[in-house]
Each structure stands twice: as structure tokens, then as C-alpha cells.
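What follows is each chain in one-letter form.
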Amino acid sequence: WKRIAERPFDSERKCMTTVHQNGMRTVSFTKGAPDMILGNCTSYRDEVGVHPMGASKRTWYMRRAEKMSASGGRVLGAAVKEGKDLSEKGMTFLGMAVLEDPVRPEVSGTVEEFRHAGVTTVMITGDHKDTALATARTLKIADSPSQCMTGSELDCLGDGELADKISEIRVFARVSPDHKVRIVRALKKNGGIVAMTGDGVNDAPALRMADIGIAMGNGGTQVSRDASSMILTDDNFATIVKAVANGRNVYRNIRHAIEFLLSGNMAGILCVLYTSILALPVPFEPVHLLFINLVTDSLPAIAIGMEAQEEGLLDLPPRNPKESIVTRKLALEILFQGGLIACSTMMAYAVGLHDNATTASTMAFASLTLARLFHGFNCRSRHSLCRIGILSNLWTVLALVAGTALLGAVLFLPNLQPLFETADLNVRQTTALFLIALLPTIVIQGGKILREALE
């Protein structure tokens, strides 16, 4: 039967009609949501023939459709009308088809991972309410009809009422593109950071409205991809979890790099302040500070940025988006760690001061450099090295080796000593500055080990 006309599906009508011709006969076939199809049918066909569609028969069909939807099936109604008629009115009901639309295997685990990570999953679908709720129960997104809202119920609520109620809703069924936009807007109004997934043209407005629009790279339309800020090239919902984990890891590494840089610079500031107040010789020459900034600030900070995701990162609650990157707790840790490094640097300075000011400056410079190189291991994680392992990030090891090698060249190569204004150090002084530089790391790691033992 040749198709000669078509009225495509849209989310308002929830059905689609095609017109076919065979010889002199023309027939219009319609498929779509059972409630929409049944509402437009004036008769029905069975094995006997065509009969008028009474209220009782229409109710009987609707109950059958609801029963099949409740089992998680996607139900389509089918109707027919003689002639080329795209009005979708006065049709003859033929029956219903139930399509099994199983949940992808990875989705259930992904929803559970989101729950542990403090991320709430909300289902938005054009399917029947019973179908959506059955699927939501399977995924443990919702467990009662009170957590499900249809598009028609949503229309009865103002934006303010929706924003007040939306935190209780986990499933939205029979929704239109406008409904999706309203849902996203209400979630954002409630203070949520909204990530919206979609693949169709109808999803584009909501994808654009969301804080993070996520489109499907393979099955999605170009319009949805253009409207999104992230595209899943594998169309795998579980990939979003990896994206969340990666984002949290990047943010964590940034904070740890800031902690490393500010605590190390705080130590230098405290050292200069201490010697200035006591009218002692300057602990660092300008070339020393230049070396520290170029070597000690850069190598460990880059290595910290390469830190891999650690176990349990998704078990932590999401951060407050309004919270400063340097919190009160982090500021106190920076002050404490900077104070420790400053104390060890001044201890080395005092050892060198027994000889002369140049030796004291060399000891302070070398001690601060080494202490900061060691401190890079402290800033890798909130956990101790005993738990994460020293070799779990080889970049920090390479940063320590490279930084120590460069410092050794500055301290012991005769051609570089005048350039960096360093004095010759004997074995006792070299051993002392190494042990003194290691002290802050021992104290910080000891505190982490003790805290882990008490948790």
C-alpha cells in the first residue's frame, strides 16, 4: 500500500497518521497514545465487525491500556478511517500494541551511584503515567504515585506552586516541550544545579535552559546537540557518572593546588616577616625567590593537577556552588601548614646563622625549597600517603626528583654557586636541612594517619 500523505507525530496530539492507497481504495491509519486514539474513535472493530464505541467500551479499553502500562510496557493504540482524512476524528478503533522498552542494564547502577553522590534523578517522559511510574519503581527513582505528575496536572500549577512542590516529584509523565522548560526552570529556582539529558528536537529548549545540557551523540538530533553543553558520544547514561566524577576530581585538584601554592608562599612571607621584626639578615636573596617560584611552585602544582580520581570521591556530598573555593577550613589549613614550613625554614636558618649570614640564607633557601617539594605529597589528597600510596601519582615523585636535582645543582656546582649566591654546605649542614625540611611533612602526615584511625 503506497503512502501518499502523512501527518507526523507531535507531543501535543500524541499520535501520527499516514494515508495509503491500493488501487482505488484510500485508507488513513493512525497510531499513538491510547487515550488520544480512543477519544477520537466513534466505533471499534472486532472479529465480528464494526460496532459503535460506547462509553462503557471506551472505559474497558482504557483500563486494559492502564493495566499494560502499569507493567512497564509502552502501549500504542491503532485506528483506521476510510478515505484521505488527516483530521484524526471519527475513526474506527482497531486495537492496541504493547512494546517492551526495557531499561538499559547500566542505568539502574548509574541511578544508584548518583544517589550515593547526592545527585537526584528525575524522569521526564511523554509516556503514560503508569508506564513511567513502573519504570521509575524498577530504577528506584520513585515508589509511589504521589511522586508522579502528569503534564495536565502541571498545567494547573503556577510557576511558584510548581517550585514549591517540585522537590517532592520524581517522575513527570505525558509532558510537552513547554513542560520540560518549566520543570527545569522550577528546579533551578529551588537552588538546584540542573543537568538535562535529551536527544530530540523537542528537548532542545530544556537543554538550553539547563545548567548543563547533555545530548546523545549517536542517536540524538543535530538540534539537541547544538543546544547542549556536553555530548555523550557513546549514548551511555552511565558516562554521565564518569563526567560528574571527573568534574569533582578536577575541582578537588584545583583546590589542592591552591592549598599547596598558598601554604608555601605563606611560609616564605612568615619567614621574611620574622627576620624583619627581629632585624636579622634577609633569609632569601631575590634569585632564591625566583628559583622557588619557577621550580618549587610549578613542578609539584602541575603534578597535583595530574592526581587521579580516588576511591570514595562520589560518596562525598556535592559542594555548595555559592561556596568560595577557599573556605574557612581550607584557609586555616593553609595558615597551619605555612606556619609549619616557616618554622622548619627558620630552624635551618638558625643553624646556618651560627656560621654567617650567607650560610644562613643558603640553609633557609634550601630548606624552604625541599620542604615545599615534600609538601606536594601532603596536598595530593585529604588522605594520608599510607592510604593512597606514594607511587600512585608518579608525577609527584618526578617533581620531587627533578626539583631536588635542580636544588642540588644550585647548591653544589661551583659554576652555579656565585650565580645563586649560595655558600658551601658541609655534610652536617646538608643532613640537618634535609631532616628539618622533612619535619612539616611528618607532622602533617601523622595528623592524617591519626584522623583516619579515629574515623
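Computed from a prediction, not measured in an experiment: that's the story for all the values here.

**Q** Quick rundown of a nonpolar patch on the surface? Include the residues and the values.
**A** A grouping of Leu 273, Tyr 274, Ile 277, Leu 278, Leu 280 and Leu 353 is seen on the molecular surface, where their side chains present a nonpolar patch of about 550 Å² in accessible area. The biggest single contributor to the nonpolar patch is helix H10 (residues 239–277), with three residues.

**Q** Can you explain the packing of H10 against helix H13 (residues 328–353)? Please cite residues and give values.
**A** Where H10 contacts H13, the two axes come as close as 7 Å, and the packing angle between them is 45°. By the criterion of interaxial angle, the relationship of H10 to H13 is oblique. Like other packed secondary-structure pairs, H10 and H13 cross with a definite hand, here right-handed. In contact with Arg 255, Glu 259, Leu 262, Ser 263, Met 266, Ala 267, Leu 270, Cys 271, Tyr 274 and Thr 275 of H10, H13 contributes Leu 330, Glu 333, Ile 334, Leu 335, Gln 337, Gly 338, Gly 339, Ile 341, Ala 342, Thr 345, Met 346 and Tyr 349. Grouping the amino acids of the contact of H10 with H13 by side-chain chemistry returns 13 nonpolar, six polar and three charged.

**Q** So what about the packing of H13 against helix H18 (residues 427–454)? Which residues, and what values?
**A** Put simply, H13 and H18 touch, their axes get as near as 9 Å, and they point 165° apart. Taken together, the axis directions place H13 and H18 in an arrangement best described as roughly antiparallel. Seen along the crossing, H13 lies across H18 with a hand that is right-handed. Residue-level contacts link Gln 337, Leu 340, Ile 341, Ser 344, Met 347, Ala 348 and Val 351 of H13 to Arg 428, Ile 436, Leu 439, Pro 440, Val 443 and Ile 444 of H18. Residues that form the contact of H13 with H18 fall into these classes: ten nonpolar, two polar and one charged.

**Q** Go over the pairing of strand E7 (residues 91–99) with me, naming the residues and quoting the values.
**A** As paired strands, strand E4 (residues 41–45) and E7 are joined by three bridges and run parallel to one another. Note that in E7 the partner of Tyr 44 across the bridge is Phe 93. The pairing of strand E6 (residues 74–82) with E7 spans seven bridges and is antiparallel. Bridge assignment links Val 80 to a residue of E7, and that residue is Thr 92.

Rules used in this analysis
Residues numbered from 1 in each chain as written. Predicted model: local features only at pLDDT ≥ 70, side-chain atom pairs only at ≥ 80, totals over all residues. Heavy atoms only, no water. Patch = residues over 30% accessible without salt bridge, like charges linked within 9 Å, V, L, I, M, F, W, Y side chains within 5 Å. Areas by Shrake-Rupley, 256 points an atom, 1.4 Å probe, with all protein chains shown as cover. Salt bridge = Lys/Arg side-chain N within 4 Å of Asp/Glu carboxyl O. Helix = DSSP H or I, 4+ residues; strand = E, 2+ residues; numbered from the N terminus. Axes fitted to C-alpha atoms, helices over the stretch in contact; angles between N-to-C directions. Parallel < 35°, antiparallel > 145°, perpendicular 65-115°, else oblique. Left-handed = near helix turned anticlockwise from the far one by under 90°. Contact = heavy atoms within 4.5 Å. Nonpolar A, V, L, I, M, F, W, Y, C, P; charged D, E, K, R; others polar. Pairing = 2+ DSSP bridges.

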